[in-house]
Amino acid sequence: MRYKLTIEYDGSRYAGWQVQKGERTVQGAFFDACKKIFGETRFELFGSGRTDAGVHALGQVAHLDVDKKISTERLMLSLNDNLPYDVNVLSVEDVNPKFHARYDAVERSYVYLISKRRTAFGKSNVWWIRDSLNIDLMKQAATAMRGKRDFASFTDKSAETTSTIVNVTGIDIYETNNMVAIHITGSHFLWKMVRRMVGVLVEIGREKITMVDIDIMFDGYSSLPAKLTAPAAGLYLEHVYYKGEHTMRGLQIVPQLLRLK
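The structure presented is a predicted model; accordingly, all values stated were derived computationally and were not measured.

## Examining the overall build of the protein
Within the protein, the secondary structure is distributed over six helices and 10 strands. Against the globule reference of 18 Å for 261 residues, the protein gives a C-alpha radius of gyration of 19 Å, in line with a compact fold. If one aligns the C-alpha atoms of the protein with their principal axes, the spans along those axes are about 60 × 40 × 40 Å. Burial status across the protein gives 52% buried among its 261 residues. Expressed as a percentage of contacts within the protein between residues at least 6 apart in sequence, the contacts between residues at least 24 apart total 72%. By element, 48% of the accessible surface of the protein is carried by carbon and sulfur atoms, the whole surface being about 13000 Å². Charged side chains of the protein number 35 positive and 30 negative; the gap between the two group centres comes to 3 Å.

Structure below.
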């Protein structure tokens, strides 16, 4: 049986999604939970993609293969009873055995949260920036990043990837009294790409770099985005889209911190 899991987690305590030897990971937490639930029964779990250490998820997707049938309601309850407090299964669905959480995904969206004031509640969930930000300049720069472009400057040369061409279908910036949210949607994302996009947008907002610098980043390889990589704490995998699913524009899931006053 193959089940589609939609998952939320606080990545603060984890070295990312994917299992790593000697590290606490979200996928590892699922493996531990499944061993308790299924015992000797065979199972396999595949995520829609990796999230880095400290990155959160509002709607990560994985598929779980199990050698026996179990009701979706019982599976969801059993998983949540055996997962750590900062990992939660939102839904479980029966899916076709050919469904693949990673390879069938057609689009993904991320949200990055920035606090404009010091906060006691969000150090592991937002990036506090002391400097004032020119949001209009950030929106102008975001427009320049949209479209199907070569994002080689926004990932490491050593990253495992066959192509650095990514179609960024949307970048929107929202502002409240003390918060800024950057919402990015694309076909897929390279390693650290979103955090580097955010870092560049923030430097534009600080008026430390200009649109000319962004043009240079896309005209050829530039090491500047790597130096501007935003902290992992403010990044959330928001949604993973599959064929036939309508891509939603704007923030669909807004953490409480976005309403910080």
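## Points about unusual backbone geometry
Here the phi dihedral of lysine 192 falls at roughly 65°; this positive angle occurs in a residue that is not glycine. Mapped onto the elements of the fold, lysine 192 is located in the loop between β9 (179-186) and α4 (193-205). Positive phi, normally seen in glycine, also occurs at glutamate 207, with a value near 65°. Within the secondary structure, glutamate 207 sits in the loop between α4 and α5 (211-219).

## Some remarks on the packing of aromatic side chains
Per the stated rule, a full pass over the model turns up 10 aromatic pairs. Here the aromatic residues Tyr9, Trp17 and Phe30 are joined through ring pairs into a cluster of three or more. For arginine 149, the ring lying beneath its charged end belongs to phenylalanine 218, and the centroid distance is 3.9 Å.

## Regarding the nonpolar core
Phe30 and Ile182 are the most contacted members of the largest nonpolar core, which totals 71 residues. Looking at this core, the element that brings in the most residues is α4, giving eight residues. The residues contacting isoleucine 182, other than those within four sequence positions of it, are Tyr110, Val111, Tyr112, Ile114, Met138, Ile171, Asp172, Ile173, Val198 and Leu201. Membership of the second largest hydrophobic core comes to seven residues, among which are Leu58, Val111, Leu113 and Ala181.

## Here we look at helix α1 (residues 26-38)
The end-to-end C-alpha separation of α1 is 18 Å, in line with the 18 Å expected for 13 residues at 1.5 Å each. Among the residues of α1, those classed as buried are Val26, Gln27, Gly28, Ala29, Phe30, Ala33, Cys34 and Phe38. Against the buried residues of α1 lie β1 (2-9), β2 (43-47), β3 (56-66), α2 (72-82) and β4 (87-94). The N-cap residue of α1 is threonine 25: its side-chain oxygen and the backbone nitrogen of glycine 28 are 3.0 Å apart. Directly after α1, the chain includes glycine 39, whose backbone phi takes a positive value near 60°.

## Looking at the pattern of salt bridges
Per the counting criterion, the structure on display carries eight salt bridges. A salt bridge links arginine 2 to aspartate 65; its shortest N-O distance comes to 2.6 Å. Taken as a pair, arginine 2 in strand β1 and aspartate 65 in strand β3 lie far apart in primary sequence, 63 residues in all. Aspartate 65 carries the same exposure label as arginine 2, and that label is buried. Two residues, arginine 206 and glutamate 203, come together in a salt bridge whose shortest N-O distance is 2.5 Å. Several salt bridges converge on common partners, so that one network encompasses Asp131, Glu203 and Arg206.

What counts and how
- Residues numbered from 1 in each chain as written.
- Predicted model: local features only at pLDDT ≥ 70, side-chain atom pairs only at ≥ 80, totals over all residues.
- Heavy atoms only, no water.
- Helix = DSSP H or I, 4+ residues; strand = E, 2+ residues; numbered from the N terminus.
- Rg over C-alpha atoms; globule rule 2.2 N^0.38 Å.
- Buried < 20%, exposed > 50% of the residue type's maximum accessible area, 1.4 Å probe, protein only.
- Contact = heavy atoms within 4.5 Å.
- Areas by Shrake-Rupley, 256 points an atom, 1.4 Å probe, with all protein chains shown as cover.
- Lys, Arg positive; Asp, Glu negative; His and termini not counted.
- Charge placed at Lys NZ, Arg CZ, Asp CG, Glu CD.
- Phe/Tyr/Trp six-rings, centres within 6.5 Å; stacked < 30°, edge-to-face > 60°.
- Lys NZ or Arg CZ within 6 Å of the ring centre and 35° of its normal.
- Core = buried A, V, L, I, M, F, W, Y, C linked by side-chain atoms within 4.5 Å.
- Expected span 1.5 Å × (residues − 1).
- Polar contact = N/O pair within 3.5 Å; in protein donor to acceptor, adjacent residues only side chain to side chain.
- Salt bridge = Lys/Arg side-chain N within 4 Å of Asp/Glu carboxyl O.

Any link to function would need more than the numbers given here.
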